[in-house]
Amino acid sequence: MTANSKLIGLVPILGLVLLWGWLAASGMAPRALLPSPVDVVQRLFELLADPDFLAQIGTTLFRLVSGFLIALVLGTVLAVLSASSEVTQTAVNAFVRILAPLPKIALYPAMILILGFGHSSKIALVVIEAAFPIYLATYQGMRNVDKKLVWAARSAGASRLHCLLFVMLPAAAPSILTGARVALVISCIVVFLSEMMSSTEGLGYVLIDAARNFRTIDMFVPIILISALGLGLGAGLSALRRKLLVGYPQD
Amino acid sequence: MIAIEHLSKRFKTAAGKDHLALSDINLELKSGEFVSIIGPSGCGKSTLLYMIGGFIPASEGRILIDGKPVAGPGPDRGPVFQEFALFAWKTVLQNIAYGLRLQGKSKAEAEARARVLLKMVGLERFANFYPKELSGGMKQRVAIARTLAYDPQTLLMDEPFGALDAHTRTHLQRDLLQIWEEHRKTVLFVTHSVEEAVYLSDRVIVMAAGPGRIDRIIPIELDRPRQRSELMFDRRYQEYITQIEGMIDAFETEAA
């Protein structure tokens, strides 16, 4: 991306903030319900100086990242299992077909009962939501690997297992990373949602707590922050993608 | 020596019908022989090559290599594909060292040997490039070096120069012949080009389609080492080409 196109990317964001500012200033919505962006940004900087608030961000970030990473491992392992033989493929696919259409949030109350109100129930929810796109992308990617690549490796003396892990899996890397990209966005949404529904800490909790107490300015701060977290983690993933896929065509 | 006995291959078509792709193939390849397979598309020439490679199973019959039946791929038979099939995530040097590393050689040892092969195919300056940074001809040189690295007795080449421009193709044919003269591996070479088949081979196997079968085997009795520029003026060379072109034309008229 050139510096120029980055600037162009800023235009819609700027437009959105201007629209928000105009709406707030016009008095169409009462000031108590829709604060001005200037007030919100001011509040954001105040809060960023507060160690307690930083701990809230830390909590959300921890749940988000650990859930995403576990999902990455779980989705990839399931896909490798699925690609390894017909039997495991049938078994894993049956499992996926049952679980995929289920709204995972419906399992959340059960998770809270089993795992408690702390980190584990949130992380578990992130994992089961984010693992699916990673599984599907990895599985598709491994199925689409050119069989001649596998033949070339097998002729050179590679075992089936070696082929699976060191030929098919790296050949599917572009797909896996695309799946990871989708999963990262889902993780942001789900971690926030889980904290809004039942939590005593984290950005989602900050939002719901502010709403309950009618502190509207405080309500908008976590929204901006979860966006920023998603943006930052996404940029990190893109940088990693460029590094990992240096030899791959295009991309 | 490779012996192919009563080999057949049936496929299930999408409509669920049985399709006989190859019917009763019998063939013997002597050690160190250069044999080309040519024929109209759909005659199963690549399928035959893949079966010898152990990549797809036979429906009937068997393939014996030095008396032992083929049960799967192995480092005694090295494939080279039209699509190169290089590992995108490995550098040129790592691609070539791949088979040697699988044999348990140390990294240093494998890379030293890979450098020798890289020099042989004239790409020593490109050791640390990724395949995508190379031209088609260079990629195929890397693929050939990667296969030669684990020293197979037989090279199974599936239209290796089919995707290259005429100039590159000529260069690679010459270099392949030179490597073959030096190492005398058995080569089975599938191609669409009659000229290429005659120029390179000791024998040309002409296949026909529907079902795929061997129609004729033509020994090419031209002296070696061969020079393309000299062959151009050789009447026998021209006759071989005309004869085989005529046979393939006849199949295609039949089919159409």
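1. Focus on the interface of chain B and chain A
(1) Moving on: Of the residues lining the interface, 23 residues belong to chain B; the matching set on chain A comes to 20 residues.
(2) Moving on: Contact with chain A buries area across many residues of chain B, yet B:Trp89, B:Tyr98 and B:Lys132 alone supply 30% of it, more than any other trio.
(3) Moving on: Applying the counting criterion to the chain B and chain A interface returns one salt bridge.
(4) Moving on: When the shortest N-O distance is used, the salt bridge between A:Lys148 and B:Glu83 registers 2.9 Å.

2. Side note on the sheet that holds strand β2 (residues 18-29) of chain B
Residue and element names in this part refer to chain B.
(1) Moving on: Reading across the sheet, the four strands line up as β2-β1-β4-β5 and stay open at both edges, with antiparallel pairing between neighbours. Looking at which strands have only one partner, the edges of the open sheet turn out to be β2 and β5 (68-69).
(2) Moving on: Note: strand β4 (residues 60-65) against β5, two bridges, orientation antiparallel. Bridging from a neighbouring strand, Ile65 pairs with Lys68 of β5.
(3) Moving on: Along the sheet, helix α1 (residues 45-53) contacts β1 (2-12), β2 and β4; its crossing angle with β1, the most-contacted strand, is approximately 115 degrees.

3. Digging into unusual backbone geometry
Residues and elements named next belong to chain B.
(1) Moving on: Cis peptide bonds are those with omega within 30 degrees of zero, and the linkage from Gly210 to Pro211 qualifies with -10 degrees.
(2) Moving on: Tracing the backbone through its elements, the reader meets Pro211 in the loop between β9 (203-208) and β10 (213-219).
(3) Moving on: Cis geometry is adopted by the peptide bond preceding Pro225, which originates at Arg224 and carries an omega value of -10 degrees.
(4) Moving on: Examined against the element boundaries, Pro225 turns out to sit in the loop between β10 and α7 (228-231).
(5) Moving on: One non-glycine residue, Asp151, adopts positive backbone phi at about 55 degrees.
(6) Moving on: The topology assignment puts Asp151 in the loop between α4 (136-149) and β7 (154-158).

4. Details of the environment of A:Leu54
(1) Moving on: With respect to the secondary-structure elements, A:Leu54 resides in helix α3 (residues 51-84).
(2) Moving on: With 63 residues separating them in the primary sequence, A:Leu54 and A:Phe117 have C-alpha atoms 20 Å apart.

5. Examining helix α8 (residues 235-255) of chain B
All names here are of chain B.
(1) Moving on: The terminal C-alpha atoms of α8 lie 30 Å apart, and with 21 residues this matches the ideal 30 Å at 1.5 Å per residue to within 8%.
(2) Moving on: When α8 is considered as a whole, its buried residues turn out to be Tyr237, Tyr240, Ile241, Ile244, Met247, Ile248 and Phe251. Viewed end-on, α8 has its buried residues packed into an arc of 130 degrees, placing them on one side of the element. Exposed positions of α8 whose direction lies more than 90 degrees from the buried face are Arg235, Thr242, Thr253 and Glu254.
(3) Moving on: The N-cap of α8, judged by a side-chain oxygen 2.9 Å from the amide nitrogen of Arg236 a few residues on, is Asp234.

6. Describing the confidence of the model for chain A
(1) Moving on: For chain A, per-residue confidence averages 92 on the pLDDT scale, and residues scoring 70 or more make up 98% of the total.
(2) Moving on: Element-level pLDDT for chain A is lowest in helix α1 (residues 3-26) of chain A, with a mean of 86, against a maximum mean of 97 in helix α7 (residues 147-155) of chain A.

7. Remarks on helix α3 (residues 107-120) of chain B
Residues and elements named next belong to chain B.
(1) Moving on: Over its 14 residues, α3 extends 20 Å from the first C-alpha to the last, a length consistent with the 20 Å expected when each residue adds 1.5 Å.
(2) Moving on: Residues of α3 that are buried include every one of Ala110, Ala114, Leu117 and Leu118, and no others. In an axial view of α3, the angular spread of the buried residues amounts to 100 degrees, which keeps them on one side of the axis. In α3, those exposed residues whose orientation departs by more than 90 degrees from the buried face are Ala108 and Lys119.
(3) Moving on: Turning to α3, the residues buried within the fold contact α2 (92-102) and α4.

8. Describing the environment of A:Tyr108
Residue and element names in this part refer to chain A.
(1) Moving on: With respect to the helices, strands and loops of the structure, Tyr108 is situated in helix α5 (residues 108-115).
(2) Moving on: Here the alpha-carbon distance between Tyr108 and Ala211, two residues 103 residues apart in the chain, equals 22 Å.
(3) Moving on: Those residues within four positions of Tyr108 in sequence are excluded, and the remaining contacts are Ser121, Lys122, Leu125, Ser194, Met197 and Ser198.
(4) Moving on: A polar contact is formed between the side chain of Tyr108 and the side chain of Ser198, at a distance of 3.5 Å.

9. Notes on the nonpolar core
(1) Moving on: B:Ile96, B:Val198, B:Val206 and B:Ile244 are the most contacted members of the largest nonpolar core, which has 56 residues in total.
(2) Moving on: In contact with B:Val198, not counting residues within four places along its chain, are B:Val204, B:Ile220, B:Leu222, B:Arg226, B:Tyr237, B:Tyr240, B:Ile241 and B:Ile244.
(3) Moving on: A:Val150, A:Ala173, A:Leu245 and B:Tyr150 belong to the second-largest nonpolar core, a separate cluster that totals 30 residues.

What counts and how
- Note on numbering: residues in each chain are counted from 1, in written sequence order.
- The naming scheme follows written order: chains are lettered A onward, ligands numbered 1 onward.
- In keeping with the model being predicted, local features are shown solely for residues with a pLDDT of at least 70 and side-chain atom pairs are shown and tallied solely at 80 or more, while totals for entire chains, interfaces and linings include all residues.
- Calculated side-chain values reflect all of the structure's heavy atoms, with hydrogen atoms and water omitted.
- Residue contacts are defined here by distance: any two heavy atoms, one from each residue, within 4.5 Å place the two residues in contact.
- Here the buried area means the combined drop in accessible surface, using a 1.4 Å probe, for two parts upon being joined, counting both sides.
- Only one rule defines a salt bridge in this text: a Lys or Arg side-chain nitrogen within 4 Å of an Asp or Glu carboxyl oxygen.
- Pairing between strands requires that DSSP locate at least two bridges from one strand to the other.
- Runs of H or I in DSSP of at least four residues are treated as helices and runs of E of at least two as strands, each being numbered from the N terminus.
- Orientation is described by axes fitted as lines to C-alpha atoms, over the contacting stretch for helices, and by angles from 0 to 180 degrees between their N-to-C directions.
- A helix is expected to span 1.5 Å for every residue after the first.
- When accessible area is computed with a 1.4 Å probe and restricted to protein chains, residues below 20% of their type maximum are described as buried, those above 50% as exposed, and intermediate ones as partly exposed.
- Directions drawn from the helix axis to the C-beta atoms are what define this arc.
- Identification of polar contacts relies on pairs of N or O atoms within 3.5 Å, with a donor-acceptor requirement for protein atoms, meaning one able to donate a hydrogen and the other able to accept it, and with residues adjacent in sequence counted only if both atoms are side-chain atoms.
- What pLDDT reports is the predictor's confidence in each residue, on a scale of 0 through 100.
- Buried residues of nine kinds, namely Ala, Val, Leu, Ile, Met, Phe, Trp, Tyr and Cys, make up a nonpolar core once their side-chain atoms join them within 4.5 Å.

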